[in-house]
Amino acid sequence: MAELDRIDTKILRALQENADIANIELADQVGLSPSACLRRVAKLRQSGIIRKTVAVIDPARVGRPLTAVINLEFHRHGNRYRQDFIRKVRQLDAVRQCYVVTGEVTGVMILHMRDMAEYTALCEMLFDTDDNIVWYRTYIVTETLKDEFGPAI
């Protein structure tokens with residue numbers, strides 16, 4: 001892991017808040033010349049600390065107002081037993097995040113869907129036809145209190 005100094009941390013915080021910020025404005029915010037700031041950002045990208053730059057889209061405004069958090073349990077935990085599930089998850093636009101976790105569940109997923117019909121179809125395809133899924137529980141999001149991306153720096 002690369003060591004981050006105070007300037008790198010300031011750059012990352014500013015970019016997490018607004019990745020569209022002009023380099024000259026970013027440089028001014030963090031107290032660098034524009035060329036030094038550009039080099040720092042390039043180094044953060046090249047090292048993999050900045051993985052990618054994306055637009056954060058409001059799911060409701062693009063026809064995906066139904067958000068669900070799903071916990072699930074696998075029967076067998078080896079990667080070879082989960083390959084079909086992993087392949088399907090990576091192909092589905094509704095699945096926005098999917099994690100294998102420790103604790104009382106094996107996995108946690110976050111989905112943004114059009115409606116309950118899409119939810120039902122996804123559950124049938126992902127869970128009901130997969131013999132390796134022991135159970136799943138769905139929590140429909142009723143209110144978003146905080147929605148940040150990436151780690152706190």
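This text follows the structure it describes.
**Q** Break down the pattern of salt bridges for me, with residues and values.
**A** What the rule picks out here adds up to seven salt bridges. Asp5 is the salt-bridge partner of Arg40, the closest N and O atoms lying 2.8 Å from each other. Linking Arg40 in helix α3 (residues 34-46) with Asp5 in the segment before α1 (6-17), this pair joins segments that are 35 residues apart in sequence. Look at Asp5 and you get partly exposed, because its relative accessible area is 33%. Taking the shortest distance from any N to any O, the salt bridge between Glu118 and Arg64 comes out at 3.0 Å. Taken together, the positions of Glu118 in helix α5 (residues 116-128) and Arg64 in the loop between α3 and β1 (66-74) put the pair 54 residues apart, joining distant regions of the chain. We note that Glu118, like Arg64, is buried. A single network of salt bridges, built from pairs that share partners, joins Asp5, Asp8 and Arg40.

**Q** So, a nonpolar patch on the surface: which residues are in play, and what are the values?
**A** The grouping of Val54, Val56 and Phe149 at the surface amounts to a nonpolar patch, some 290 Å² of accessible area in total. Looking at where Phe149 falls in the secondary structure, it is placed in the segment after β4 (133-140). Looking at Phe149, the relative accessible area reads 42%, which means it is partly exposed.

**Q** Describe in detail the sheet that holds strand β3 (residues 107-113), supporting the description with residues and values.
**A** Pairing in this open sheet of four strands is antiparallel, and the strands run β2-β3-β1-β4 from one edge to the other. If you trace the sheet from one side to the other, it starts and ends with β2 (95-100) and β4, each paired once. Between one strand axis and the next, the sheet turns through 20° on average, direction left out of account. Note that β2 and β3 share five bridges and pair antiparallel.

Scoring rules and cut-offs
Residues numbered from 1 in each chain as written. Predicted model: local features only at pLDDT ≥ 70, side-chain atom pairs only at ≥ 80, totals over all residues. Heavy atoms only, no water. Salt bridge = Lys/Arg side-chain N within 4 Å of Asp/Glu carboxyl O. Helix = DSSP H or I, 4+ residues; strand = E, 2+ residues; numbered from the N terminus. Buried < 20%, exposed > 50% of the residue type's maximum accessible area, 1.4 Å probe, protein only. Patch = residues over 30% accessible without salt bridge, like charges linked within 9 Å, V, L, I, M, F, W, Y side chains within 5 Å. Areas by Shrake-Rupley, 256 points an atom, 1.4 Å probe, with all protein chains shown as cover. Pairing = 2+ DSSP bridges. Axes fitted to C-alpha atoms, helices over the stretch in contact; angles between N-to-C directions.

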